[in-house]
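Structural features, examined
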Amino acid sequence: MIKDILKYSLSNLWNRKLRSFLTMLSILIGITAIFALISFGQGLNSWIDGFAQEMGTDKVFIMPGGGLSNAPGTSNIKFNEEDLDFIRKIKGVDEATAMMAISGKVGYKDYRDVYPFIIGLSTESNEMRLIEEMFGGIGIMEGRGLKKGDVLKATAGYSYTVPNRLFKRELSIGSKVAINDVEVEIVGFYEEVGSPTDDAQLYLSQEGFEEIFDIEEFEYIYMRVAPGEDPSMIADRIKEKFRKYKGQKEGEEDFTVQTFEDILETFTSILLVLNGVLVIIALISVVVAAVNIMNTMYTSILERTKEIGVMKSIGARNEFILLVFVTESGVLGFLGGLIGVILGAGFAKIGGMAASAFGLTMIQPDFPCWLIAGCLIFAFLVGSLSGLIPAIQASKLNPVDALRYE
Amino acid sequence: MKSYYFKFVLTSLKSRRIRSWLTMIGIFIGIAAVVALIGLGEGLREAINSQFGFLGTDILSITASGGFGPPGTGVVDPLTDKELDAARKVPGVEGVAGRILESGKLVFNKKVAFGYSASMADGKSRDILEHILNMDVARGRLLEDGDSGRVVLGYDFYEDDELFGEPIDAGDKVEILDKEFEVIGILEKKGNFQIDRTVFINEDDLRDLVGRPDDEYDIIGVQVVENADIEKIQASIEKELRKIRDVDEGEEDFSVETPANVVESVNSILLGVQVFVYVIASISLLVGGIGIMNTMYTAVIERTRDIGIMKSIGAKNSTIFVLFFIESGLLGSVGGIIGALLGFASAKGFAFIGKLVLGSNLISAQISPQLIIGALLFSFVVGSFFGTLPAVRASKLNPVDALSQRK
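Residues numbered from 1 in each chain as written. Chains lettered and ligands numbered in written order. Predicted model: local features only at pLDDT ≥ 70, side-chain atom pairs only at ≥ 80, totals over all residues.

**What to know about the overall build of chain A**
Operational definition: In this description a helix means any DSSP run of H or I spanning at least four residues, a strand means any run of E spanning at least two, and both kinds are numbered starting from the N terminus. Throughout, the radius of gyration refers to the C-alpha atoms, and the reference size of a globule is 2.2 Å times the residue count to the power 0.38. Note on burial: count the other C-beta atoms lying within 10 Å of the residue's C-beta; 20 or more is buried, 12 or fewer is exposed, in between is partly exposed, and C-beta positions come from the backbone. Placing a C-beta atom from the backbone of each residue, one calls two residues in contact when those atoms lie within 7 Å.
The helix and strand tally for chain A stands at 12 helices and 11 strands. Its C-alpha atoms give chain A a radius of gyration of 31 Å, more than 25% over the compact-globule value 22 Å for 406 residues. When the backbone C-alpha atoms are referred to their principal axes, chain A occupies close to 95 × 50 × 30 Å. Going through the 406 residues of chain A one by one, you find that 44% of them count as buried. Residue pairs in contact within chain A that sit at least 24 positions apart in sequence constitute 83% of those at least 6 positions apart.

Below you can see the structure in the form of structure tokens.
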């Protein structure tokens, strides 16, 4: 029976091609927009997840001041070697390392100077493993990483290998750049992170950083907690011990301890809220489409009043009539959803390519199965629910009146 | 004749009450969304612009190029007395003053906050800085030469109890980067989140506190003489600084800006976001338009016989076209009127809720008469645009075929 109803619905829709097409058009536009928007939110989410997985959730950061509110290198509160030693000895801390950071001037040949962040990394072998983990799977793509004894040598972010992104010409292994007017040799390049700020960074050994910037203090301290320990518990312990060590009272700390998970959560939730707002705005158009479907169904029921009378007079029950019309509007919604998903995927791909062109490879659409299925089911539900009221009216028609309708 | 058209159209809309209503609902949802979002967007822009509103039009600021962050971040070639003197000598400049900005922590009532301190120069330069930021105190007094160990705070420190549990007032003692200072004044509220949260310290004090060399500045403020051509002065300062810093035009490692330039760059970012949101919101208008088209096509099919009769008794193609065109335009404009009212109400409602929840003026509705008129015009245009094709089809019907069409 369902097969017959489907056939009947499709042939009715086919008979009113123009109207069916316009109704479908109205729902597919909204589905296209929603699908594309969510796929970007989803892509960003999985980028973050992938990063988190590589990095592991056993990382804790200590930052100066109230958290990530300062631009690197602008804080007047810094950490030193003794602080790092103290942190290292706290129970539950497996390994700790510190980073120097400041924004500096980088010159190459006669091209216009750029001002990226310069990072000073430790080259002690045990700390280097932790640093590698911190980079979240982003490894050296060409050349080599920094090693003990490197002073005026640097590794560079991905963007330096692309012409016209930072400098007009790309750098290669052995290129000499000037960091704050000190000549430094490039020994390696990192893989692409996907965010323009990170991909523009230069990395020096801490010895090299001291030599160029004359800064011996650290901006951030990173650590891995010992296996089996709860990172947020360790973070609390570090906060308390480090506060006492620095002679500060509770609530007056000039540093912030956060687990990697907390930072990620804040970041992700902001993204999700922004994405959600856009999706809600796009949803308005689906509401309008639902109104259109309802309208189309009212019209089509009016036109087929006589037909309904005939069906009823030869024994069709109310539920059958209801099912016929709900199926018809559901099919309209489903077809609109199907085309919408396909178009949405296309638009999202184009948008993703545009983002890559600007070095934003972190913004790429992702099409999980649940999203595709969800959009299809949603479109079907919107269609059948908007057809429900007209269909109920149709099912309740009095067969005698309906037959007489002219 | 024309009023007869309208009567005719109204009758046919009324006879299909449900359909006309549904079609209009489609339009008014779209118009309401667009009006509400534009209203809120403009309100946000107004709120942001008003943050800079207290800045005079007779001032310029000079900063050296550096990294991302407040002025002075990552600067390799900082501004020095050389630049200060050069800018002072440019004709039309009333006075100049350099200042440094430093981040730090402030402790009061056993609570800590992180923020920025700005330096105040001595002598005539102090007057210039006070003029540039339009400084005046709400409590206590402003800093003077020789006020070592004293600070003036932005209004937020006095107003916001949550920051430190209790307001800081003139006479209180605070700790800045672990050194004790006496608060001698609270600035008037500026409505700018930066100024209202800044600590003002005499320059010598701040340099001692953070160990900055004596002749380095993060930002140089310039006041021009009254009624001077500020753009010309801006260009002359740029030229002088290029000479001193030995850079070519287009390769400057510094910038000279008016407050208007700053507001402009903020606005252009905001505009990009706004346009994106509006585009997504207008999708629903497009969908509403398609609804009108659909309704009109249906109306043409239903009234094919009527059209045949009208034509056979002498109605011209253009008359038929106008009839249908008016019908769709009317659907659009009535939908638009309801939509504009609804949008107005929901924007105001959102702004009200936003104010209750956030307690700030950042979310406010700014609905201008132009916006309402624009929305109405636009809805009429949408209605008639999407009604054009069906109306053309109706007008081109062959009277004989139309008459012979069975219902």
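What follows picks up the thread again.
**Description of the interface of chain A and chain B**
Note the cut-off: When residues are grouped by polarity, Ala, Val, Leu, Ile, Met, Phe, Trp, Tyr, Cys and Pro land in nonpolar, Asp, Glu, Lys and Arg in charged, and all others, Gly among them, in polar.
Listed as interface residues are 48 residues of chain A and, on the opposing side, 46 residues of chain B. Looking at the side of chain A that touches chain B, the element that brings in the most residues is helix H8 (residues 260-303) of chain A, giving 15 residues. Partitioned by chemical class, the residues of the side of chain A that touches chain B number 20 nonpolar, 20 polar and 8 charged.

**Considerations on the confidence of the model for chain B**
Segments scoring low in pLDDT should not have their predicted coordinates read at a detailed level. Selection criterion: Residue-level confidence of the predictor, termed pLDDT, takes values from 0 up to 100.
When pLDDT is averaged along chain B, the result is 84, and 95% of the positions lie at 70 or above. Across the assembled chains, the prediction reports ipTM 0.74 with pTM 0.77.

**Quick notes on the domain arrangement of chain B**
Note the following rule: Bear in mind that the domain bounds are from an automatic or database domain assignment.
Taken as a whole, chain B is organised into domain 1 (2-51 + 264-404) and domain 2 (59-258). Here domain 1 of chain B and domain 2 of chain B have C-alpha centroids that lie 52 Å from each other.

**Some remarks on the environment of Glu265(A)**
Residue and element names in this part refer to chain A. Of note, Glu-265 is situated in helix H8. Using a count of 13 C-beta atoms within 10 Å as the deciding quantity, one classes Glu-265 as partly exposed. As for Glu-265 and Ile-34, which are separated by 231 residues in sequence, their C-alpha atoms are 24 Å apart.

**What to know about the environment of Glu261(A)**
Residue and element names in this part refer to chain A. If you trace the backbone, Glu-261 turns up in helix H8. Among the residues examined, Glu-261 registers 16 C-beta atoms within 10 Å and is labelled partly exposed. Along the primary structure Glu-261 and Ile-281 are separated by 20 residues, whereas in three dimensions their C-alpha atoms are 30 Å apart. Other than its neighbours up to four places away in sequence, Glu-261 contacts Thr-57 and Pro-231.

**Considerations on the nonpolar core**
Across soluble globular proteins, you tend to see nonpolar side chains buried next to one another. So the rule is basically this: Each nonpolar core comprises buried Ala, Val, Leu, Ile, Met, Phe, Trp, Tyr and Cys residues, the members being joined through C-beta atoms within 7 Å.
If you look at the biggest cluster of nonpolar residues, it comprises 99 residues, and the most contacted ones within it are Ile27(A), Ile31(B), Val34(B) and Val35(B). With 15 residues, the top contributor of residues to this core is helix H2 (residues 17-50) of chain B. Beyond its immediate chain neighbours, meaning those up to four positions away, Ile27(A) contacts Val286(A), Ala289(A), Ile293(A), Gly333(A), Gly336(A), Gly337(A), Ala379(A), Val382(A) and Gly383(A). Formed by 58 residues, the second largest nonpolar core is a distinct cluster that contains Val60(A), Phe117(A), Ile238(A) and Phe260(A).

**Notes on the sheet that holds strand S12 (residues 219-224) of chain B**
Residue and element names in this part refer to chain B. We count it as follows: Any two strands with at least two DSSP-identified bridges between them are counted as paired. All axes are obtained by fitting lines to C-alpha atoms, using only the stretch in contact for helices, and the reported angles, taken between N-to-C directions, cover 0 to 180 degrees.
The strand order across the open sheet formed by 4 strands is S3-S12-S1-S13, and the pairing between neighbours is antiparallel. Looking at which strands have only one partner, the edges of the open sheet turn out to be strand S3 (93-99) and strand S13 (254-257). Strand-to-strand twist in this sheet, taken as the mean axis angle between neighbours without regard to direction, amounts to 15 degrees. Where strand S1 (residues 59-64) and S13 come together, 4 bridges link them in antiparallel fashion. By the bridge assignment for S13, Thr-63 is matched with Ser-255.

**Quick notes on unusual backbone geometry**
Not every positive phi belongs to a glycine, and Asn164(A) is a case in point at roughly 70 degrees. Considering the arrangement of structural elements, one finds Asn164(A) in the loop between strand S6 (153-156) and strand S7 (176-179). Of note in the backbone geometry, Asn109(B) takes a positive phi value of approximately 55 degrees without being a glycine. By the element assignment, Asn109(B) lies in the loop between strand S4 (101-108) and strand S5 (111-120). Judged by the 14 C-beta atoms lying within 10 Å of it, Asn109(B) falls in the partly exposed class.

**Quick word on the domain arrangement of chain A**
Residue and element names in this part refer to chain A. Taken domain by domain, chain A consists of domain 1 (2-51 + 266-404) and domain 2 (59-228). Between the C-alpha centres of domain 1 and domain 2 there is a distance of 50 Å. The interface is formed by 6 residues belonging to domain 1 together with 8 residues belonging to domain 2. Taken together, the residues that form the side of domain 1 that touches domain 2 break down as 4 nonpolar, 2 polar and no charged.

**Quick notes on the packing of H8(A) against helix H9 (residues 259-302) of chain B**
Our working definition: Convention used here: angles under 35 degrees read as roughly parallel, angles over 145 as roughly antiparallel, angles from 65 to 115 as roughly perpendicular, and any remaining angle as oblique.
Two elements in contact, H8(A) and H9(B), have axes separated by 8 Å at closest approach and are oriented at 5 degrees. Taken together, the axes of H8(A) and H9(B) are roughly parallel relative to one another. Residue-level inspection shows Leu278(A), Ile281(A), Ala282(A), Ile284(A), Ser285(A), Val288(A), Ala289(A), Val291(A), Asn292(A), Asn295(A), Thr296(A) and Thr299(A) of H8(A) in contact with H9(B), the latter providing Val277(B), Ile280(B), Ala281(B), Ile283(B), Ser284(B), Val287(B), Gly288(B), Ile290(B), Gly291(B), Asn294(B), Thr295(B) and Thr298(B). Considered class by class, the residues forming the contact of H8(A) with H9(B) number 13 nonpolar, 11 polar and no charged.

**Details of the packing of H8(A) against H2(B)**
Running from N to C, H8(A) and H2(B) point in directions that differ by 170 degrees, and their axes come no closer than 9 Å. With respect to H2(B), the axis of H8(A) lies roughly antiparallel. Contact residues: H8(A) offers Ile284(A), Val287(A), Val288(A), Val291(A), Asn292(A), Met294(A), Asn295(A), Tyr298(A) and Thr299(A), while H2(B) offers Ile18(B), Arg19(B), Leu22(B), Thr23(B), Ile25(B), Gly26(B), Ile29(B), Gly30(B) and Ala33(B). When its residues are assigned to classes, the contact of H8(A) with H2(B) shows 11 nonpolar, 6 polar and 1 charged.

**Section: the environment of Pro399(B)**
All names here are of chain B. Position of Pro-399 relative to the elements: it lies in helix H13 (residues 399-404). Taking the C-alpha atoms as reference, Pro-399 lies 9.0 Å from Thr-304; in sequence the two are 95 residues apart. When residues no more than four places from it in sequence are discounted, the contact partners of Pro-399 are Gly-308, Lys-311 and Ser-312.

**What about the pairing of S4(B)?**
All names here are of chain B. Across the 8 residues that make up S4, a large majority, 8, are buried. Across the two faces of S4 the burial is the same, with Leu-101, Ser-103, Lys-105 and Val-107 and Glu-102, Gly-104, Leu-106 and Phe-108 all buried. Judged from the 8 bridges that link them, S4 and S5 form a sheet pairing that is antiparallel. Residue Leu-106 lies in a different strand from S5, and its bridge partner there is Ala-113. Remark: 2 residues form the turn of the hairpin made by S4 and S5, two consecutive strands paired antiparallel; Asn-109 in that turn has positive phi of roughly 55 degrees. Pairing geometry for S4 and strand S8 (residues 173-176), over 2 bridges, is antiparallel. Looking at S8, one finds that Leu-106 is bridged to Ile-176.

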